[in-house]
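Structure at a glance
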Amino acid sequence: MLRITSATLYTCSQRVKLLLPPSASTSTDTSPSKRVENQRTVDSLYELSVDIRKVRKFRGWVLSECSAYVSETADLLRDMGADTTAITHILETHPEAILCRPEDVATQRDLWLSVCPSKRQLMNIIEKFPASFFTLTHHGNQRANILYLQNLRLSKRIISKLMASAPQSFSQPVERNQEVIHTLREIYLDLGGEERNLRVWLQKLLSQNPYILLRPAEAWRDSLGFLREEGFTTEELLSLVSSLRASIAELKPEDMQRAMDYIEAALCCSKDELKQVVIRCPAVLYYSLPTLLGRFQGLMDAGVTMDQVKESPNVLELTTQIVLYRIQKLASYGYDIRSGSLAVIVGTKKDFEASYGKLQLRQQRPLFNPVAPLKSAED
């Protein structure tokens, strides 16, 4: 009887343990290697249905901080239109938010609302980029950068996207962003662009690559100076800058030189032919030598000739696995890539499916013979 009672008591105690909030099970942990958790913080998060185990695993130090503003942060998010599910998700994804002082969060909210049409849209951004919103530093720099970009007549959508994707560019002094924008303007006009189209061009670059403002102005000059020395015309350079989505500023001249030397040797092409390859497939400029070597080797193993690569150089944008899959798919419908064009396998998945669909229809649909006798349904 005593054994049964002990077993029953043990089972009951385990059930009670499961029903208690996580703070109750950790409050007795006296391991010297772990910091003592703030029970009030843990309980407050538990009441908001936040997964404490997830927070403890990835951001455990947050739970040990003395000052935390769980309910205040939740109230501010709720005021911006967040429901319980959204608040839970934000605090699980970025629990550091509860360490931000409410007055700082309110200031950040007002700054972001200056480029967001409504609290609801701001809330949508916070749900996707909580870390960007709760980076509460350099409010003065943020305000100055927002004002500067607004004076350039950039759309609020572009500015809010920049703030969400690259918040560091707003924390830095406005003078740095002014220098980069000034350099971009000089480049655009020097390459034949027109002043009246500058704003549209800038918005396109910034929307495609939000990290542009984090690249130093010198990087732009160095990369474009190298390509100019390689014989690219102003029109071709403008096309490359637009095609590469401004990532050209992230490329070092020595890396581009190595890539171009390898392609020139692999394709046995002239300088003019090499330029055409780069213009038609700008991505080769930032591929590493091992990547280029692997893709060329994969094409040769599949029976593709270097002349075919010259005709359709953008095949180098595809991984070897994708190229082989598409070649096999086409072969199943009788298309031999070795005697045809690579144009049918390049492009996006949607482009390939369109080309593949045409070949499939061509095989399934018999050719119409206008002189053949017509057959009735009874025949």
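Everything quoted here is computed from the prediction, not taken from an experiment. (Residues numbered from 1 in each chain as written. Predicted model: local features only at pLDDT ≥ 70, side-chain atom pairs only at ≥ 80, totals over all residues. Heavy atoms only, no water.)

1. A closer look at the side chain of Asn145
Note the following rule: Helix and strand assignments come from DSSP, with helices taken as H or I runs of at least 4 residues and strands as E runs of at least 2, each series counted from the N terminus. The buried label applies to any residue whose accessible area, calculated with a 1.4 Å probe on protein chains only, is under 20% of its type's maximum; exposed applies above 50%, and partly exposed to all values in between. Each polar contact in these results corresponds to two N or O atoms within 3.5 Å; when the atoms are within protein, one needs to be able to donate a hydrogen and the other to accept it, and residues that are neighboring in sequence are counted only if both atoms are side-chain atoms.
Along the chain, Asn145 falls in helix H10 (residues 139-151). With a relative accessible area of 0%, Asn145 lands in the buried category. A polar contact of 2.9 Å, which involves the side chain of Asn145, links it to the backbone oxygen of Gln172.

2. Quick look at the confidence of the model for the chain
Selection criterion: Each residue carries a pLDDT score, the predictor's own confidence in it, on a scale running from 0 to 100. The contact definition used throughout considers only heavy atoms, calling two residues in contact when any of these lie within 4.5 Å.
Predicted confidence across the chain gives a mean pLDDT of 84, with 85% of residues reaching 70 or more. Counted against residues more than four places away or in other chains, residues 1-33, with its pLDDT under 50, gives 15 contacts. Confidence drops under pLDDT 50 across residues 371-379; counting only partners more than four residues distant or on other chains, this segment forms zero contacts.

3. Thoughts on the packing of aromatic side chains
Rules: Planes of paired rings set the category: under 30 degrees apart is stacked, over 60 is edge-to-face and the rest tilted, where pairs are Phe, Tyr or Trp rings (Trp by its six-membered ring) whose centres lie within 6.5 Å.
In the structure shown here, the tally under the stated rule is five aromatic pairs. Where Trp112 meets Phe133, the ring centres are 5.5 Å apart and the plane angle is 75°; that geometry is what we call edge-to-face. Pair noted here: Trp112 is in helix H7 (residues 102-113) and Phe133 is in helix H9 (residues 130-133), with a separation of 21 residues, a long-range link. Since its relative accessible area comes to 1%, Trp112 is described here as buried. For Phe133, a relative accessible area of 0% puts it in the buried group.

4. A few points about unusual backbone geometry
You will see that Ser49, though not glycine, has its phi angle at about 65°, which is positive. Mapped onto the elements, Ser49 comes out in the loop between helix H3 (39-47) and helix H4 (52-59). Using a relative accessible area of 54% as the deciding quantity, one classes Ser49 as exposed. Phi is positive for His138, close to 50°, though the residue is something other than glycine. Note that His138 resides in the loop between H9 and H10.

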